[in-house]
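Examination of the molecular architecture
Listed below, chain by chain, are the residues.
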Amino acid sequence: MRFEENVDWKKSPPREICIVMLSALGDAVHVLPIVNALKRTWPETRITWVIQPVPYQLVSNHPAIDEFVVFERKKGLLAWQSFQDVAQLLRHRHFDLLLGLQVYLKAGILTGLIQSKVKLGFDRARARDMQWMFTNQQIPQHSPQHVQDQYFEFLQYLGVNPEPINWGLHLSDIEKKEQQEFFSCIGANTCAVVVGTSKHTKNWTANRYAQVLEEVQAKYGLTPVIVGGPSADERSIADQIIASAQTKIIDTLGDNVRKLVWIIDGSTLLISPDTGPLHISHALGTPVVGLFGHTNPNRSGPYRRFRELIVNRFEQPPGQRYTDVRKYQNGMKYITVESVMEKVSLALERYSPNDK
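A brief report on the enclosed structure follows.

With respect to burial, strand E11 (residues 288-292) is a largely interior element, 5 of its 5 residues being buried. A two-sided burial pattern is seen for E11, the buried positions comprising Val288, Gly290 and Phe292 on one face and Val289 and Leu291 on the other. Across 4 bridges, strand E10 (residues 269-273) lies against E11 in parallel orientation. Residue pairing in the sheet places Pro273 in a bridge with Leu291 of E11. Once you follow E10 into helix H10 (residues 276-284) and on to E11, the crossover reads as right-handed. Where E11 and strand E12 (residues 311-312) come together, 2 bridges link them in parallel fashion. What sits directly across from Leu291, in E12, is Val311.

The contact between helix H7 (residues 206-220) and helix H8 (residues 232-244) brings their axes to 9 Å, and the two run at 50°. Here H8 runs oblique to H7, going by the angle between their axes. Crossing handedness for the pair H7 and H8: right-handed. Residue-level contacts link Ala206, Tyr209, Ala210, Leu213 and Glu214 of H7 to Ile237, Gln240, Ile241 and Ser244 of H8. The residue inventory of the contact of H7 with H8, partitioned by class, reads 6 nonpolar, 2 polar and 1 charged.

Formed by 99 residues in total, the largest nonpolar core has its most connected members in Ile19, Leu38, Trp49 and Leu99. Here the element with the most residues in this core is helix H1 (residues 25-41); it accounts for 9 residues. The contact partners of Ile19, leaving out residues within four places of it in the chain, are Val31, Val35, Leu38, Ile47, Thr48, Trp49, Val50, Leu99 and Leu101. In this structure, Val20, Phe83, Phe95 and Leu98 belong to the second largest nonpolar core, which totals 15 residues.

It is worth spelling out the sheet that holds strand E3 (residues 67-70) at this point. Overall, parallel pairing links the 6 strands, which are arranged E3-E2-E1-E4-E5-E6 in an open sheet. Strands with a single pairing partner mark the edges of an open sheet, and in this sheet they are E3 and strand E6 (137-138).

Here we come to a positive patch on the surface. A grouping of Arg128, Lys199, Arg299 and Lys327 is seen on the molecular surface, where their side chains present a positively charged patch. Relative to the helices and strands, Lys199 is located in the loop between strand E7 (190-194) and H7. The exposure class assigned to Lys199 is partly exposed, which follows from its relative accessible area of 38%.

Counted by the stated rule, this structure contains 10 aromatic pairs. Each ring, one from Phe182 and one from Trp262, has its centre 5.5 Å from the other, and the planes form 70°; the classification is edge-to-face. Here Phe182 is found in helix H6 (residues 173-186), whereas its partner Trp262 is found in helix H9 (residues 257-266), with 80 residues between them in sequence. When its relative accessible area of 15% is taken as the criterion, Phe182 is described as buried. According to the relative accessible area criterion, Trp262 is buried, its value standing at 5%. Three or more aromatic residues joined by ring pairs make a cluster, and in this case those are Trp49, Tyr56 and Phe68.

Looking now at the pattern of salt bridges. One pass over the full model with this rule turns up 13 salt bridges. Here Glu163 ties to Arg304 by a salt bridge, and the two come within 3.2 Å at their closest N and O atoms. Of this pair, Glu163 sits in the loop between helix H5 (147-158) and H6 while Arg304 is found in the loop between helix H11 (297-300) and E12, placing the two residues 141 residues apart along the sequence. The partly exposed category is assigned to Glu163, whose relative accessible area is 36%. Between Glu175 and Arg258 there is a salt bridge, with the nearest N and O atoms lying 2.8 Å from each other. Here Arg258 lies in helix H9 and Glu175 lies in helix H6, a separation of 83 residues in the sequence. For Arg258, a relative accessible area of 11% gives the class buried.

Conventions we followed
Residues numbered from 1 in each chain as written. Predicted model: local features only at pLDDT ≥ 70, side-chain atom pairs only at ≥ 80, totals over all residues. Heavy atoms only, no water. Buried < 20%, exposed > 50% of the residue type's maximum accessible area, 1.4 Å probe, protein only. Helix = DSSP H or I, 4+ residues; strand = E, 2+ residues; numbered from the N terminus. Pairing = 2+ DSSP bridges. Right-handed = clockwise from strand over helix to strand, strands pointing away. Axes fitted to C-alpha atoms, helices over the stretch in contact; angles between N-to-C directions. Parallel < 35°, antiparallel > 145°, perpendicular 65-115°, else oblique. Left-handed = near helix turned anticlockwise from the far one by under 90°. Contact = heavy atoms within 4.5 Å. Nonpolar A, V, L, I, M, F, W, Y, C, P; charged D, E, K, R; others polar. Core = buried A, V, L, I, M, F, W, Y, C linked by side-chain atoms within 4.5 Å. Patch = residues over 30% accessible without salt bridge, like charges linked within 9 Å, V, L, I, M, F, W, Y side chains within 5 Å. Areas by Shrake-Rupley, 256 points an atom, 1.4 Å probe, with all protein chains shown as cover. Salt bridge = Lys/Arg side-chain N within 4 Å of Asp/Glu carboxyl O. Lys, Arg positive; Asp, Glu negative; His and termini not counted. Charge placed at Lys NZ, Arg CZ, Asp CG, Glu CD. Phe/Tyr/Trp six-rings, centres within 6.5 Å; stacked < 30°, edge-to-face > 60°.

Structure below.
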(Lines give C-alpha, C1' and ligand atoms only; values in the text may rest on other atoms or scores of the structure.)
Protein backbone atom coordinates (compact mmCIF):
# COMPACT_ATOMS: atom_id res chain seq x y z
CA MET A 1 0.00 0.00 0.00
CA ARG A 2 1.26 3.49 -0.81
CA PHE A 3 2.85 5.31 2.11
CA GLU A 4 1.33 8.60 3.17
CA GLU A 5 3.43 11.34 4.71
CA ASN A 6 2.74 12.13 8.36
CA VAL A 7 0.00 14.69 8.84
CA ASP A 8 0.08 17.42 11.46
CA TRP A 9 -3.35 16.76 12.91
CA LYS A 10 -3.07 19.70 15.31
CA LYS A 11 -2.98 22.11 12.38
CA SER A 12 -5.43 20.20 10.22
CA PRO A 13 -7.86 18.03 12.25
CA PRO A 14 -9.47 15.18 10.31
CA ARG A 15 -12.95 15.88 9.05
CA GLU A 16 -13.92 12.21 9.05
CA ILE A 17 -12.49 9.28 11.01
CA CYS A 18 -13.30 5.63 10.47
CA ILE A 19 -12.66 3.11 13.25
CA VAL A 20 -12.43 -0.57 12.35
CA MET A 21 -13.09 -2.68 15.44
CA LEU A 22 -15.54 -5.47 14.83
CA SER A 23 -15.61 -7.42 18.09
CA ALA A 24 -15.95 -8.30 20.91
CA LEU A 25 -17.69 -6.68 23.90
CA GLY A 26 -14.49 -6.18 25.88
CA ASP A 27 -12.67 -4.65 22.92
CA ALA A 28 -15.63 -2.35 22.27
CA VAL A 29 -15.37 -1.09 25.86
CA HIS A 30 -11.67 -0.35 25.31
CA VAL A 31 -12.52 1.70 22.21
CA LEU A 32 -14.83 4.05 24.10
CA PRO A 33 -12.09 6.16 25.78
CA ILE A 34 -10.54 6.48 22.32
CA VAL A 35 -13.64 7.94 20.69
CA ASN A 36 -14.31 10.18 23.68
CA ALA A 37 -10.78 11.61 23.51
CA LEU A 38 -11.04 12.13 19.74
CA LYS A 39 -14.38 13.91 20.07
CA ARG A 40 -13.14 16.02 22.97
CA THR A 41 -10.08 17.11 20.96
CA TRP A 42 -11.84 17.49 17.61
CA PRO A 43 -15.55 18.13 18.34
CA GLU A 44 -16.35 18.89 14.69
CA THR A 45 -14.85 15.61 13.43
CA ARG A 46 -17.33 12.98 12.29
CA ILE A 47 -16.61 9.48 13.63
CA THR A 48 -17.80 6.30 11.92
CA TRP A 49 -17.34 2.90 13.55
CA VAL A 50 -17.39 -0.41 11.61
CA ILE A 51 -18.61 -2.97 14.12
CA GLN A 52 -20.33 -6.36 14.47
CA PRO A 53 -23.92 -6.78 15.74
CA VAL A 54 -23.30 -7.87 19.36
CA PRO A 55 -20.92 -5.07 20.38
CA TYR A 56 -23.12 -2.68 18.40
CA GLN A 57 -25.91 -3.40 20.89
CA LEU A 58 -23.60 -2.21 23.66
CA VAL A 59 -22.55 1.12 22.12
CA SER A 60 -25.32 1.99 19.64
CA ASN A 61 -26.49 5.02 21.61
CA HIS A 62 -23.03 6.38 22.44
CA PRO A 63 -22.94 10.16 21.89
CA ALA A 64 -19.35 10.30 20.58
CA ILE A 65 -20.14 8.12 17.54
CA ASP A 66 -21.84 9.82 14.61
CA GLU A 67 -22.43 6.70 12.53
CA PHE A 68 -22.20 2.92 12.82
CA VAL A 69 -21.67 0.54 9.93
CA VAL A 70 -22.68 -2.92 11.10
CA PHE A 71 -20.65 -5.77 9.60
CA GLU A 72 -23.03 -8.72 9.30
CA ARG A 73 -20.72 -11.66 8.89
CA LYS A 74 -22.12 -14.33 6.61
CA LYS A 75 -20.84 -17.90 6.45
CA GLY A 76 -19.83 -20.31 3.72
CA LEU A 77 -20.07 -19.19 0.11
CA LEU A 78 -21.67 -15.89 1.16
CA ALA A 79 -18.77 -14.84 3.43
CA TRP A 80 -17.25 -12.48 0.87
CA GLN A 81 -20.63 -10.76 0.48
CA SER A 82 -20.25 -9.40 4.01
CA PHE A 83 -17.19 -7.43 2.97
CA GLN A 84 -18.81 -6.30 -0.27
CA ASP A 85 -21.82 -4.98 1.65
CA VAL A 86 -19.60 -2.67 3.71
CA ALA A 87 -17.56 -1.62 0.66
CA GLN A 88 -20.76 -0.82 -1.25
CA LEU A 89 -22.20 1.19 1.64
CA LEU A 90 -19.03 3.28 1.97
CA ARG A 91 -18.11 3.42 -1.74
CA HIS A 92 -18.58 7.21 -1.96
CA ARG A 93 -16.93 7.98 1.39
CA HIS A 94 -13.36 9.25 1.63
CA PHE A 95 -12.08 9.34 5.20
CA ASP A 96 -9.14 11.44 6.32
CA LEU A 97 -8.08 8.92 8.95
CA LEU A 98 -8.80 5.25 9.56
CA LEU A 99 -7.81 3.56 12.83
CA GLY A 100 -7.24 -0.17 12.41
CA LEU A 101 -7.57 -1.25 16.03
CA GLN A 102 -8.16 -4.94 15.34
CA VAL A 103 -5.34 -7.19 14.19
CA TYR A 104 -7.21 -9.95 12.38
CA LEU A 105 -7.59 -10.71 8.69
CA LYS A 106 -11.27 -9.81 8.37
CA ALA A 107 -10.58 -6.38 9.87
CA GLY A 108 -7.57 -6.03 7.60
CA ILE A 109 -9.65 -6.78 4.51
CA LEU A 110 -12.18 -4.13 5.51
CA THR A 111 -9.35 -1.66 6.10
CA GLY A 112 -8.14 -2.36 2.59
CA LEU A 113 -11.59 -1.87 1.07
CA ILE A 114 -12.41 1.40 2.84
CA GLN A 115 -11.08 4.59 1.25
CA SER A 116 -8.98 6.74 3.59
CA LYS A 117 -5.99 9.05 3.12
CA VAL A 118 -4.27 7.70 6.24
CA LYS A 119 -4.77 4.15 7.46
CA LEU A 120 -3.10 3.79 10.85
CA GLY A 121 -2.46 0.35 12.26
CA PHE A 122 -0.20 -1.64 14.54
CA ASP A 123 3.52 -2.16 14.06
CA ARG A 124 4.56 -5.36 12.31
CA ALA A 125 5.45 -7.14 15.53
CA ARG A 126 1.86 -6.91 16.79
CA ALA A 127 -0.09 -6.94 13.51
CA ARG A 128 -1.44 -10.46 13.21
CA ASP A 129 -2.63 -11.85 9.89
CA MET A 130 -0.34 -9.34 8.16
CA GLN A 131 -2.62 -6.46 9.12
CA TRP A 132 0.26 -4.06 8.41
CA MET A 133 -0.18 -4.77 4.68
CA PHE A 134 -3.56 -3.00 4.74
CA THR A 135 -2.31 0.19 6.43
CA ASN A 136 0.02 2.96 5.25
CA GLN A 137 1.16 4.14 8.68
CA GLN A 138 1.94 2.13 11.81
CA ILE A 139 2.33 3.10 15.44
CA PRO A 140 5.86 2.51 16.82
CA GLN A 141 6.77 -0.85 18.28
CA HIS A 142 6.16 -1.12 22.02
CA SER A 143 6.72 -3.68 24.76
CA PRO A 144 3.62 -5.63 25.96
CA GLN A 145 1.16 -3.64 28.06
CA HIS A 146 -2.52 -3.47 28.93
CA VAL A 147 -4.89 -3.53 25.95
CA GLN A 148 -6.28 -0.12 26.95
CA ASP A 149 -2.80 1.41 26.95
CA GLN A 150 -2.13 -0.29 23.64
CA TYR A 151 -5.10 1.52 22.12
CA PHE A 152 -3.93 4.77 23.69
CA GLU A 153 -0.78 4.45 21.57
CA PHE A 154 -2.93 5.44 18.60
CA LEU A 155 -3.95 8.64 20.37
CA GLN A 156 -0.37 9.41 21.34
CA TYR A 157 0.70 8.96 17.72
CA LEU A 158 -1.96 11.49 16.70
CA GLY A 159 -1.06 13.95 19.47
CA VAL A 160 -4.38 13.43 21.28
CA ASN A 161 -4.46 13.35 25.08
CA PRO A 162 -6.43 10.34 26.42
CA GLU A 163 -6.92 12.02 29.80
CA PRO A 164 -9.35 12.31 31.44
CA ILE A 165 -10.22 8.71 30.66
CA ASN A 166 -13.95 8.32 30.20
CA TRP A 167 -16.03 5.42 28.88
CA GLY A 168 -19.37 7.18 28.77
CA LEU A 169 -21.65 4.14 29.12
CA HIS A 170 -25.06 5.49 30.07
CA LEU A 171 -28.55 4.11 30.53
CA SER A 172 -31.54 5.50 28.65
CA ASP A 173 -34.62 6.60 30.57
CA ILE A 174 -36.41 3.40 29.51
CA GLU A 175 -33.47 1.28 30.70
CA LYS A 176 -33.42 3.09 34.04
CA LYS A 177 -37.11 2.28 34.48
CA GLU A 178 -36.53 -1.39 33.59
CA GLN A 179 -33.60 -1.48 35.99
CA GLN A 180 -35.67 0.00 38.82
CA GLU A 181 -38.49 -2.50 38.27
CA PHE A 182 -36.06 -5.43 38.20
CA PHE A 183 -34.26 -4.55 41.42
CA SER A 184 -37.46 -3.61 43.23
CA CYS A 185 -38.53 -7.24 42.77
CA ILE A 186 -35.30 -8.99 43.83
CA GLY A 187 -33.75 -6.45 46.20
CA ALA A 188 -31.03 -3.84 45.84
CA ASN A 189 -28.18 -5.93 47.28
CA THR A 190 -27.09 -8.27 44.52
CA CYS A 191 -24.01 -10.14 43.35
CA ALA A 192 -23.96 -10.53 39.58
CA VAL A 193 -21.84 -13.40 38.27
CA VAL A 194 -20.58 -14.38 34.81
CA VAL A 195 -20.28 -18.17 34.61
CA GLY A 196 -18.93 -18.77 31.11
CA THR A 197 -16.92 -17.31 28.24
CA SER A 198 -16.40 -18.13 24.59
CA LYS A 199 -13.21 -20.03 25.55
CA HIS A 200 -13.74 -22.91 27.96
CA THR A 201 -10.13 -22.55 29.18
CA LYS A 202 -11.13 -19.23 30.82
CA ASN A 203 -14.03 -20.81 32.70
CA TRP A 204 -14.17 -21.73 36.38
CA THR A 205 -16.00 -24.79 37.73
CA ALA A 206 -19.74 -24.91 38.36
CA ASN A 207 -19.44 -26.49 41.81
CA ARG A 208 -17.10 -23.75 43.04
CA TYR A 209 -19.36 -21.04 41.64
CA ALA A 210 -22.24 -22.67 43.54
CA GLN A 211 -20.27 -22.58 46.79
CA VAL A 212 -19.36 -18.91 46.31
CA LEU A 213 -22.94 -17.91 45.58
CA GLU A 214 -24.15 -19.76 48.65
CA GLU A 215 -21.61 -17.86 50.75
CA VAL A 216 -22.31 -14.40 49.31
CA GLN A 217 -25.97 -14.88 50.16
CA ALA A 218 -25.47 -16.44 53.61
CA LYS A 219 -22.63 -14.20 54.77
CA TYR A 220 -23.46 -10.88 53.10
CA GLY A 221 -27.14 -11.13 52.18
CA LEU A 222 -26.47 -10.60 48.48
CA THR A 223 -28.90 -12.10 45.97
CA PRO A 224 -26.94 -14.03 43.29
CA VAL A 225 -27.80 -13.04 39.70
CA ILE A 226 -26.33 -15.00 36.79
CA VAL A 227 -25.65 -12.74 33.81
CA GLY A 228 -24.27 -13.48 30.37
CA GLY A 229 -25.09 -14.56 26.85
CA PRO A 230 -27.14 -17.30 25.21
CA SER A 231 -24.33 -19.78 24.44
CA ALA A 232 -24.80 -23.50 25.12
CA ASP A 233 -21.76 -23.56 27.41
CA GLU A 234 -23.09 -20.74 29.59
CA ARG A 235 -26.50 -22.41 29.74
CA SER A 236 -24.97 -25.71 30.77
CA ILE A 237 -22.78 -24.20 33.53
CA ALA A 238 -25.64 -22.05 34.82
CA ASP A 239 -27.96 -25.09 35.01
CA GLN A 240 -25.35 -27.02 36.99
CA ILE A 241 -24.92 -24.13 39.43
CA ILE A 242 -28.64 -23.65 39.96
CA ALA A 243 -29.17 -27.39 40.49
CA SER A 244 -26.44 -27.72 43.11
CA ALA A 245 -26.48 -24.40 44.99
CA GLN A 246 -28.46 -24.34 48.22
CA THR A 247 -29.70 -20.81 47.67
CA LYS A 248 -32.04 -18.98 45.33
CA ILE A 249 -30.34 -17.74 42.17
CA ILE A 250 -31.78 -15.31 39.62
CA ASP A 251 -31.08 -16.49 36.08
CA THR A 252 -30.93 -13.74 33.42
CA LEU A 253 -28.90 -15.41 30.65
CA GLY A 254 -29.95 -14.17 27.22
CA ASP A 255 -29.03 -12.14 24.17
CA ASN A 256 -30.04 -8.70 25.48
CA VAL A 257 -26.73 -6.86 25.88
CA ARG A 258 -28.32 -3.67 27.18
CA LYS A 259 -30.16 -5.62 29.90
CA LEU A 260 -26.80 -7.09 30.88
CA VAL A 261 -25.47 -3.53 31.18
CA TRP A 262 -28.20 -2.25 33.47
CA ILE A 263 -28.10 -5.34 35.67
CA ILE A 264 -24.35 -4.93 36.18
CA ASP A 265 -24.82 -1.20 36.73
CA GLY A 266 -27.35 -1.84 39.49
CA SER A 267 -25.48 -4.69 41.18
CA THR A 268 -23.40 -4.38 44.31
CA LEU A 269 -20.51 -6.22 42.64
CA LEU A 270 -19.70 -8.61 39.81
CA ILE A 271 -17.71 -11.86 39.82
CA SER A 272 -16.34 -12.68 36.37
CA PRO A 273 -13.58 -14.42 34.43
CA ASP A 274 -11.79 -12.60 31.62
CA THR A 275 -14.66 -11.67 29.32
CA GLY A 276 -16.65 -8.66 28.11
CA PRO A 277 -18.91 -8.09 31.14
CA LEU A 278 -15.84 -7.70 33.35
CA HIS A 279 -14.81 -4.63 31.34
CA ILE A 280 -18.40 -3.35 31.20
CA SER A 281 -18.52 -3.55 35.00
CA HIS A 282 -15.26 -1.65 35.29
CA ALA A 283 -16.47 1.06 32.90
CA LEU A 284 -19.69 1.46 34.90
CA GLY A 285 -17.83 1.67 38.21
CA THR A 286 -19.27 -1.56 39.62
CA PRO A 287 -16.58 -3.42 41.63
CA VAL A 288 -15.53 -6.58 39.82
CA VAL A 289 -13.78 -9.63 41.28
CA GLY A 290 -11.80 -10.91 38.29
CA LEU A 291 -10.90 -14.60 37.96
CA PHE A 292 -7.66 -14.96 36.00
CA GLY A 293 -5.84 -18.22 35.43
CA HIS A 294 -5.72 -18.54 31.65
CA THR A 295 -4.96 -14.97 30.52
CA ASN A 296 -2.64 -12.31 31.89
CA PRO A 297 -4.50 -9.75 34.05
CA ASN A 298 -1.70 -7.25 33.40
CA ARG A 299 -2.85 -7.23 29.79
CA SER A 300 -6.57 -7.94 29.97
CA GLY A 301 -7.65 -7.29 33.56
CA PRO A 302 -9.61 -4.28 34.83
CA TYR A 303 -7.79 -1.10 33.81
CA ARG A 304 -6.24 0.77 36.77
CA ARG A 305 -9.23 0.43 39.07
CA PHE A 306 -10.24 -2.78 40.93
CA ARG A 307 -6.81 -4.33 40.39
CA GLU A 308 -6.69 -5.39 44.03
CA LEU A 309 -9.83 -7.48 43.48
CA ILE A 310 -8.17 -9.80 40.93
CA VAL A 311 -7.76 -13.46 41.87
CA ASN A 312 -4.54 -14.05 39.96
CA ARG A 313 -3.48 -17.62 39.18
CA PHE A 314 -1.87 -16.75 35.87
CA GLU A 315 1.62 -15.84 36.99
CA GLN A 316 2.26 -18.28 39.80
CA PRO A 317 -0.03 -21.30 40.18
CA PRO A 318 0.49 -22.82 43.65
CA GLY A 319 2.93 -25.69 43.61
CA GLN A 320 4.33 -24.85 40.18
CA ARG A 321 7.46 -22.96 39.29
CA TYR A 322 6.82 -20.16 36.83
CA THR A 323 9.67 -20.42 34.37
CA ASP A 324 8.61 -18.61 31.21
CA VAL A 325 6.39 -15.84 29.93
CA ARG A 326 3.66 -17.62 28.01
CA LYS A 327 0.60 -15.97 26.61
CA TYR A 328 -1.79 -18.47 28.17
CA GLN A 329 -1.75 -20.59 31.29
CA ASN A 330 -3.83 -23.40 32.72
CA GLY A 331 -4.41 -21.82 36.09
CA MET A 332 -8.20 -21.55 36.45
CA LYS A 333 -8.22 -24.85 38.37
CA TYR A 334 -6.05 -23.26 41.08
CA ILE A 335 -8.66 -20.61 41.92
CA THR A 336 -10.27 -21.59 45.22
CA VAL A 337 -13.57 -20.63 46.80
CA GLU A 338 -11.62 -19.10 49.68
CA SER A 339 -9.57 -16.86 47.41
CA VAL A 340 -12.69 -15.56 45.67
CA MET A 341 -14.51 -14.90 48.95
CA GLU A 342 -11.47 -13.00 50.22
CA LYS A 343 -11.79 -10.63 47.25
CA VAL A 344 -15.56 -10.38 47.67
CA SER A 345 -15.03 -9.33 51.27
CA LEU A 346 -12.44 -6.76 50.20
CA ALA A 347 -14.77 -5.35 47.53
CA LEU A 348 -17.62 -4.89 50.01
CA GLU A 349 -15.29 -3.34 52.56
CA ARG A 350 -13.58 -0.93 50.17
CA TYR A 351 -16.34 0.13 47.77
CA SER A 352 -19.90 1.26 48.17
CA PRO A 353 -22.59 2.03 45.56
CA ASN A 354 -22.06 5.73 46.29
CA ASP A 355 -18.51 5.48 44.91
CA LYS A 356 -19.76 5.08 41.31
